[in-house]
Amino acid sequence: MAVNSPELKAFLLATPFFGGLSDPSLDLLISMLVERRFDVGAMIVAEGEPGRSMFVVHSGELMVSKLGRAGRSIRMASLEPGDFFGEMTLIEMQNRSASVVAQSPTVLYELTARNLYMYCKADIHAYVLVIQNISRELCRRLRRADDRIAELLVHQAEQ
């Protein structure tokens, strides 16, 4: 179901993904979102499956995991309201890099690659801002990953 409300608009404006958008640009993007509800334990996306959409977490808690050697699931991150995921598939058009499972009842807002393309055609300036917002978040995640790798290497060297 497509959505639009003043509360949702205020919530989305406070997230990194929608930051800086003008009112008309934000309204257009919100009109393209689809609300998705999931119960505890629901698999939202599975590592390796094709992905053509991203999600903004409105409520609930989710766990991001990857399959390690021997098929063991490795917890990578937790997501909470205001976070978004799945954006990598919109940029690189590759399969899902991780699995995401609902840890509590969850409400997400989905944006498909097709709708993002329509957004680009309708408002190129706002589209560029959204891509910049996605890029900033990807850079933050890469920095955190670099820090984790460095910590692991230091720990490994000390042993």
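These notes cover the structure that comes with them. None of these values were measured; they are calculated from a predicted model. (Residues numbered from 1 in each chain as written. Predicted model: local features only at pLDDT ≥ 70, side-chain atom pairs only at ≥ 80, totals over all residues. Heavy atoms only, no water.)

1. Thoughts on the sheet that holds strand β6 (residues 84-85)
Here is the rule: When DSSP finds two or more bridges between two strands, those strands count as paired. Note on conventions: DSSP H or I runs of at least 4 residues are helices, E runs of at least 2 residues are strands, and numbering of each starts at the N terminus.
The sheet built from four strands is open, its strands ordered β1-β8-β3-β6 with antiparallel pairing. Because the sheet does not close on itself, it has two edges, and the strands there are β1 (34-38) and β6. Summarising the sheet, strand β3 (residues 53-59) and strand β8 (residues 106-112) pair through six bridges and their orientation is antiparallel. What sits directly across from Phe-55, in β8, is Glu-110.

2. As for the environment of Asp-39
Here is the rule: Any pair of residues with heavy atoms lying within 4.5 Å of one another is described as a contacting pair.
Here Asp-39 is to be found in the loop between β1 and β2 (43-45). For the pair formed by Asp-39 and Gly-60, sequence separation is 21 residues and the distance between their alpha carbons is 9.6 Å. Discounting residues that sit within four places of it in the chain, Asp-39 has contacts with Ala-102 and Ser-104.

3. Describing helix α1 (residues 6-13)
Cut-off, in case you're wondering: When accessible area is computed with a 1.4 Å probe and restricted to protein chains, residues below 20% of their type maximum are described as buried, those above 50% as exposed, and intermediate ones as partly exposed. By arc we mean the arc of the directions from the helix axis to the C-beta atoms, nothing more.
The set of residues buried in α1 consists of Leu-8, Lys-9 and Leu-12. Angular distribution of buried residues about the axis of α1 spans 100°; they occupy a single face of the element. Pointing more than 90 degrees away from the buried face of α1 are the exposed residues Pro-6, Glu-7 and Ala-10.

4. Focus: the sheet that holds β2
Rules: In this description, a line fitted to the C-alpha atoms serves as the axis of each element, helices being fitted only across the stretch in contact, and the angle between N-to-C directions of two axes falls anywhere from 0 to 180 degrees.
With antiparallel pairing, the four strands of this open sheet are ordered in space as β2-β7-β4-β5. Either end of the sheet is taken by a strand with one partner, and the two such strands are β2 and β5 (73-79). Taking each pair of neighbouring strands and ignoring which way they run, the sheet shows an average axis angle of 30°. Note that strand β4 (residues 62-67) and strand β7 (residues 99-102) share four bridges and pair antiparallel. Bridge pairing in β7 links Met-63 to Val-101.

5. Some details on the layout of surface pockets
Threshold: Put plainly, a pocket is an open set of points on a 1 Å grid over the protein atoms alone with protein on both sides within 12 Å along at least five of seven lines, a cavity is a set where a 1.4 Å probe fits but cannot get out, and a lining residue has an atom within 4 Å of a point. Grid points are joined across faces, edges and corners, and a volume is the space filled by probe spheres set on the points. Side-chain classes follow a simple rule in which Ala, Val, Leu, Ile, Met, Phe, Trp, Tyr, Cys and Pro form the nonpolar group, Asp, Glu, Lys and Arg form the charged group, and the remainder, Gly included, forms the polar group.
When its volume is computed, the largest pocket comes out at roughly 1,000 Å³. What lines the largest pocket is a set of 33 residues, and nearest its centre among them are Val-64, Met-76, Ala-77, Met-88 and Arg-141. Mapped by element, the contributors of at least two residues to the lining of the largest pocket are β4, β5, β6, α3 (87-92) and α5 (124-158). Considered class by class, the residues forming the lining of the largest pocket number 17 nonpolar, six polar and 10 charged.

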